[in-house]
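# Remarks on the overall topology
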Amino acid sequence: MSINQELSFDSKSNSNFKNYQSESHYNHLIEQWQDKIQSLQQNIQEMQQQKEDVKNALLEAQSRLKNKRSFIEDSKDHLNETKELDYVVPINLEKLNNSMSQYLDESITTQESQSQIQNVKFQPIASFLMEIQLKERYLQNFIDLRIYDNISLQNSLPTSNQCKYLLNKYGIDRLGYQRRILAKLDEQMGLTSQKSLLQNLNNYQNYIPTIKEWLKSINFQHYYPNFILAGYDNFQYLIYLEQSQYKLTLTDFKESFCIDNESDSKLILAHLVITFDKIMNFNLWNIQTSKKNKESDFLLVQCALPNNKCLIF
């Protein structure tokens, strides 16, 4: 190859390389501009969406105002109609008197309940729960919900479904504990009188068995876990609740104790009732001083199978 040819080749390659560099530079700029255009398009779409949202909010507000105006106009028309009817429709005096008397009776009942609550001796929630041995378990539940005394707790309870309310509101998750609280409140309000029972329980507390001992004495010790899970872990409070409106029923054994055997439930209730009567009439109850004879003192019912007839000794 001649020198001239070599020079011409070098000049062409040099020009091609420069052209390539300029093209790559332009391509890079084009990509940058395309990215900017895409971001601008996204911003425009977001602004349009915001505009639509604002428009919808304004339309909704206008419809609300329109509904309120129509409601006010309707209520005015209804008021005018009632005013016109007052002059036309006769008043049933007998019905009015009956409704007024019913209202007065309800108000009197409410006043009586309020007066009963006012007569309750104030007691901090800590000492209230300590008396029924539930302080360590549930004190923080009441403190978190700003229940600091027994009166506040009583005022917070509804007139019905109180056990369910204690579960949902305060987290009292066992039936025996729920009823222990409610029975103590009833006692403080004077709705129940348990002085003789409490006195006997205090006098003979050294001879009162545990739940496990009592169930063993009547051959139902296999139900001990059921009693514990239902919140009946103290025999004194089991007896204590028997004199209140919260005594155990067959439904309780099925739903809360998970005991499906109805005959076993009936036998346990029979033993419980007889033991309760013996404690109430402590003169008929022979106290044994030895631990060995302690269980036999509560073996008060013997059942003859298969007819499950109970003989009381």
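Since we're looking at a predicted model, the values are computed, not measured. (Residues numbered from 1 in each chain as written. Predicted model: local features only at pLDDT ≥ 70, side-chain atom pairs only at ≥ 80, totals over all residues. Heavy atoms only, no water.)

On to the packing of helix α7 (residues 175-189) against helix α11 (residues 235-242), then. Packing of α7 against α11 leaves a shortest axis separation of 10 Å and a crossing angle of 55°. Relative to α11, the element α7 is oriented oblique. Pair α7 / α11 crosses with left-handed handedness. The residues of α11 that touch α7, namely those facing Gly176, Arg179, Arg180, Ala183, Lys184 and Glu187, are Tyr237, Tyr240 and Leu241. Among the residues forming the contact of α7 with α11, the class breakdown is four nonpolar, one polar and four charged. (Axes fitted to C-alpha atoms, helices over the stretch in contact; angles between N-to-C directions. Helix = DSSP H or I, 4+ residues; strand = E, 2+ residues; numbered from the N terminus. Parallel < 35°, antiparallel > 145°, perpendicular 65-115°, else oblique. Left-handed = near helix turned anticlockwise from the far one by under 90°. Contact = heavy atoms within 4.5 Å. Nonpolar A, V, L, I, M, F, W, Y, C, P; charged D, E, K, R; others polar.)

Our next topic: the packing of aromatic side chains. Scanning the model with the defined rule gives 11 aromatic pairs in all. Ring centres 4.9 Å apart and planes at 35° place the aromatic pair Phe142 and Tyr170 in the tilted group. Of this pair, Phe142 sits in helix α4 (residues 135-144) while Tyr170 sits in helix α6 (residues 162-170), and the two are 28 residues apart along the sequence. Of the residues examined, Tyr170 reaches a relative accessible area of 3% and is grouped as buried. Relative to Tyr223, the ring of Phe220 has its centre 6.1 Å away and its plane inclined at 25°; by these criteria the two rings are stacked. Neither Phe220 nor Tyr223 differs from the other in exposure class; each is buried. (Phe/Tyr/Trp six-rings, centres within 6.5 Å; stacked < 30°, edge-to-face > 60°. Buried < 20%, exposed > 50% of the residue type's maximum accessible area, 1.4 Å probe, protein only.)

Looking at where Gln162 falls in the secondary structure, it is placed in helix α6. Ignoring any residue separated from it by four or fewer positions in sequence, one finds Gln162 in contact with Leu157, Leu182 and Tyr246.

Below, the discussion takes up the UniProt feature "domain: SAM" (unreviewed entry) in the protein. Per the UniProt annotation, the sites labelled "domain: SAM" (unreviewed entry) are residues 210-243. For the annotated span residues 210-243, helix accounts for 62% and strand for 0% of the residues, and the straight-line distance between the end C-alpha atoms is 19 Å. (UniProt positions renumbered as here; feature names shortened; annotations may be inferred.)

With that settled, the discussion passes to the pattern of salt bridges. Enumeration according to the criterion identifies five salt bridges in this entry. Residue Glu131 pairs with Lys184 through a salt bridge whose shortest N-O separation is 2.9 Å. Linking Glu131 in helix α3 (residues 125-131) with Lys184 in helix α7, this pair joins segments that are 53 residues apart in sequence. The class for Glu131 is partly exposed, based on a relative accessible area of 43%. Judged by relative accessible area, Lys184 falls into the buried class, the value being 13%. With a closest N to O distance of 3.9 Å, Glu187 and Lys184 form a salt bridge. Remark: Lys184 and Glu187 occur in helix α7; sequence separation between them is three residues, near one turn of the helix. (Salt bridge = Lys/Arg side-chain N within 4 Å of Asp/Glu carboxyl O.)

Another point: the confidence of the model for the protein. Residues with a pLDDT of 70 or more make up 60% of the protein, whose mean pLDDT is 74. Low pLDDT (under 50) marks residues 85-89, which in the prediction has zero contacts with non-local residues, meaning those over four places away or in another chain. A low-confidence stretch, residues 103-113 (pLDDT under 50), is modelled with one contact involving residues beyond four sequence positions or located in other chains. (pLDDT = per-residue confidence, 0-100.)

Moving on, we come to α11. Among the eight residues of α11, seven are classified as buried, and the element is accordingly described as predominantly covered. Looking at α11, one finds that the buried residues are Phe235, Tyr237, Leu238, Ile239, Tyr240, Leu241 and Glu242. Measuring from the backbone nitrogen of Gln236 back to the side-chain oxygen at the start of α11 gives 2.9 Å, which picks out Asn234 as the cap. (Polar contact = N/O pair within 3.5 Å; in protein donor to acceptor, adjacent residues only side chain to side chain.)

As a further point, take a nonpolar patch on the surface. On the surface, a nonpolar cluster with roughly 530 Å² of combined accessible area is contributed by Tyr26, Leu29, Ile30, Trp33 and Ile37. Considering the arrangement of structural elements, one finds Ile37 in helix α1 (residues 3-86). (Patch = residues over 30% accessible without salt bridge, like charges linked within 9 Å, V, L, I, M, F, W, Y side chains within 5 Å. Areas by Shrake-Rupley, 256 points an atom, 1.4 Å probe, with all protein chains shown as cover.)

Another aspect to go through is the environment of Tyr148. With respect to the helices, strands and loops of the structure, Tyr148 is situated in the loop between α4 and α5 (150-156). Measuring from C-alpha to C-alpha, the distance between Tyr148 and Pro124 comes to 5.9 Å, with 24 residues separating the pair along the chain. Among all residues touching Tyr148, those that are not within four sequence positions of it are Pro124, Ile125 and Ile143.

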